[in-house]
Amino acid sequence: MSESKLKANERRDHILTLLKEQDEPLTGSSIAKEMNVTRQVIVGDVSLLKASGEPIVATSQGYVYLTKMDSAPAYKRTIVCCHSADQTEEELTIMVDHGVKIEDVVVEHPVYGDLTARLNISNRRDVQRFIEQVSSTNAAFLLELTDGIHTHTISADHIETLDEAEQELAEKGILLGK
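Residues numbered from 1 in each chain as written. Predicted model: local features only at pLDDT ≥ 70, side-chain atom pairs only at ≥ 80, totals over all residues. Heavy atoms only, no water.

Enquirer: A description of the pattern of salt bridges should follow, citing residues and the corresponding values.
Expert: Counting across every chain of the model gives seven salt bridges. For Arg11, the salt bridge goes to Asp45, with nearest N and O atoms at 2.4 Å. Here Asp45 lies in helix H3 (residues 39–51) and Arg11 lies in helix H1 (residues 8–21), a separation of 34 residues in the sequence. Residue classification places Arg11 among the buried residues on the basis of a relative accessible area of 11%. (Salt bridge = Lys/Arg side-chain N within 4 Å of Asp/Glu carboxyl O. Helix = DSSP H or I, 4+ residues; strand = E, 2+ residues; numbered from the N terminus. Buried < 20%, exposed > 50% of the residue type's maximum accessible area, 1.4 Å probe, protein only.)

Enquirer: Break down the pairing of strand S4 (residues 101–109) for me, with residues and values.
Expert: Across the nine residues that make up S4, a large majority, seven, are buried. Pairing of S4 with strand S6 (residues 149–156), which is carried by five bridges, proceeds in the antiparallel orientation. Looking at S6, one finds that Val105 is bridged to His152. By the bridge criterion, seven bridges tie S4 to strand S5 (residues 113–121) in an arrangement that is antiparallel. Across the sheet, residue His109 finds its bridge partner in S5, namely Gly113. (Pairing = 2+ DSSP bridges.)

Enquirer: Which residues make up the side chain of Arg12, and what values go with them?
Expert: Secondary-structure assignment places Arg12 in helix H1. A polar side-chain atom of Arg12 sits 3.0 Å from a polar atom in the side chain of Asn9. Each residue touching Arg12, except ones within four places of it in the same chain, is listed here: Asp45, Leu48 and Leu49. (Polar contact = N/O pair within 3.5 Å; in protein donor to acceptor, adjacent residues only side chain to side chain. Contact = heavy atoms within 4.5 Å.)

See the structure below:
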């Protein structure tokens, strides 16, 4: 991209093009650097694109443009987990090692109701990036708002994959109610 700034509409069109061409999530910071604007400008642009109906989601790894293939996993379910913040990496690793994609995490807040964060974690590299991002920003895990209780929407190509991951989570004492 050139050193000069694009007009707002041109910038949003370019963001769409970038997201549609990528297989991996793009961070707001990397887009901002390429376009010679602040990350906050990109956050605003993406919000406007989402409001206009573009299927963009913000994940812990960055922005993703959803295609029909991305949005239709073969099998999907919600699981309830309870563990400490220190066990988060273990929980996520168990699931991805079984071939499960962790779509989101949800906690029930006493004031705001359900708080949902899209994760889109599907491999160990995603797990490591997520853990490093939480650590480097001194952010808290959402489960810390609810004494460890939270839900995940998980998906996989085979129902047995989900069953096997749940079984191991139960054996480790992470799955609630099993």
